[in-house]
Amino acid sequence: RQANAEEASFYQKYLTGTMAEPNRVVDQALWMQCVMSRQEDPEVGRVIEIVYAALGKARVSKPDKDYQLKKKSRLELNEGLLVTNTIAKVLRMFGMPAPEMYRGELATGIEFLQTDPPKLRFGTDVLSGVTDKELAFHVARRMTYFMPPHLVAILYPRESLEGLYLGAASVVDPNYQITTRDDVDPTAKQMLLQAAGETRGVLEKQLTPELRQQLTAVMRSLWKRTPVPELGIWHRAVELTAIHAGV
């Protein structure tokens, strides 16, 4: 038989009881204590964040047209779907705004779009047929990359991070010795030095006095602990943090 109004109300009340409504924002202290991987150095992240902010139009990115994005495919938080409701809960918990999001008929999972700023595209496999808990894991994992220290990890591959870091280091200390591992071949070393020089040139022009001061302070603090940070470890740790966030 069909449910009466009272029964229907009871059913709807407990239907979405699988994912709890967040009752607080995960602030920086709680994030660092409970979510951030212990291998993720926050000062390295801050350096990368400042570099990303200062690069501006010099950031590596693709135009929207490369992804054939259409307005009718935009995914909005007010659509009342399980996926949009889940996204909204995750964003409230993280205390962050929503990036531009799109549906993708041919997409699978939740894809990063390497535009500037980055966007997300949701495949049909995550728009239906999954629970809110499953969605919450994947959404939280992806949204972690939209936090300012992590945005570079969407747009730049691991091997490009050294050029960004070394360029920033030489801005702070013009006498900074750019060193590479002994096993790096001469061609790769030359490409790294070129990338560092290009980054330095952009930063010298575009760093505001405030950002330059912040970069200098965090870089010198970092150097007191580790003159040459392991960027590969940091890059992998960002993904570990993202998995922690999803869990």
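Before reading further, recall that the structure is shown in the block above.
Computed from a predicted structure; not experimentally measured.

Moving on, we come to the pairing of strand 3 (residues 119–123). The side chains of a regular strand alternate between both faces of the sheet. For strand 3, the tally of buried residues reaches five of five residues, placing the bulk of the element in the interior. Burial along strand 3 is two-sided: K119, R121 and G123 facing one way and L120 and F122 facing the other are all buried. By the bridge criterion, four bridges tie strand 1 (residues 101–104) to strand 3 in an arrangement that is parallel. The residue of strand 3 that forms the bridge with Y102 is R121.

In this section: the side chain of S170. Its place among the elements puts S170 in helix 8 (residues 158–172). Of note is the side chain of S170, whose polar atom sits 2.9 Å from the backbone oxygen of G167. Discounting residues that sit within four places of it in the chain, S170 has contacts with Y176 and R200.

Here we come to the pattern of salt bridges. Throughout the structure, instances matching the rule amount to 13 salt bridges. Notably, a salt bridge pairs R141 with E239, separated by 2.5 Å at the nearest N-O pair. Placement of R141 in helix 6 (residues 132–144) and of E239 in helix 11 (residues 231–246) is noted, with a sequence separation of 98 residues between them. Notably, a salt bridge pairs E162 with R158, separated by 3.2 Å at the nearest N-O pair. One end of the pair is E162 and the other is R158, both in helix 8 and four residues apart, which spans about a single turn. Residue classification places E162 among the partly exposed positions, given a relative accessible area of 22%. The network of salt bridges with shared partners includes D41, E43 and R225.

Per the counting criterion, the structure on display carries four aromatic pairs. Taking the centre distance of 5.2 Å and the plane angle of 65° together, the rings of F112 and Y145 count as edge-to-face. You can see F112 sitting in strand 2 (residues 110–113) and its partner Y145 sitting in the loop between helix 6 and helix 7 (152–155), a full 33 residues away along the chain. In this structure F112 comes out as partly exposed when scored by relative accessible area, which is 24%. Under the relative-accessibility criterion, Y145 is labelled buried at 9%.

How each quantity is defined
Counting restarts for each chain: residues are numbered from 1 in the order of the written sequence. For a predicted model such as this one, the threshold for reporting local features is a pLDDT of at least 70, and the threshold for listing and counting side-chain atom pairs is 80 or more; totals across whole chains, interfaces and linings nevertheless cover every residue. Excluded from the side-chain calculation are hydrogens and water; included are all heavy atoms of the structure. The cut-offs for exposure are 20% and 50% of the maximum accessible area for each residue type, with area from a 1.4 Å probe on protein chains only; residues under the lower value are buried, those over the upper are exposed, and the others partly exposed. Only DSSP runs of H or I reaching four residues or more are called helices, and only runs of E reaching two or more are called strands; each is numbered from the N terminus. The criterion for strand pairing is that DSSP finds at least two bridges linking the strands in question. We call two N or O atoms a polar contact when they sit within 3.5 Å, provided that within protein one can donate a hydrogen and the other can accept it, with sequence-adjacent residues counted only if both atoms are side-chain atoms. Only heavy atoms enter the contact rule, under which two residues are in contact if any of them lie within 4.5 Å. Any Lys or Arg side-chain nitrogen found within 4 Å of a carboxyl oxygen on Asp or Glu counts as a salt bridge. Whether two aromatic rings pair depends on their centres lying within 6.5 Å, for rings of Phe, Tyr and Trp, where Trp uses its six-membered ring; planes under 30 degrees apart make the pair stacked, over 60 edge-to-face, and the rest tilted.

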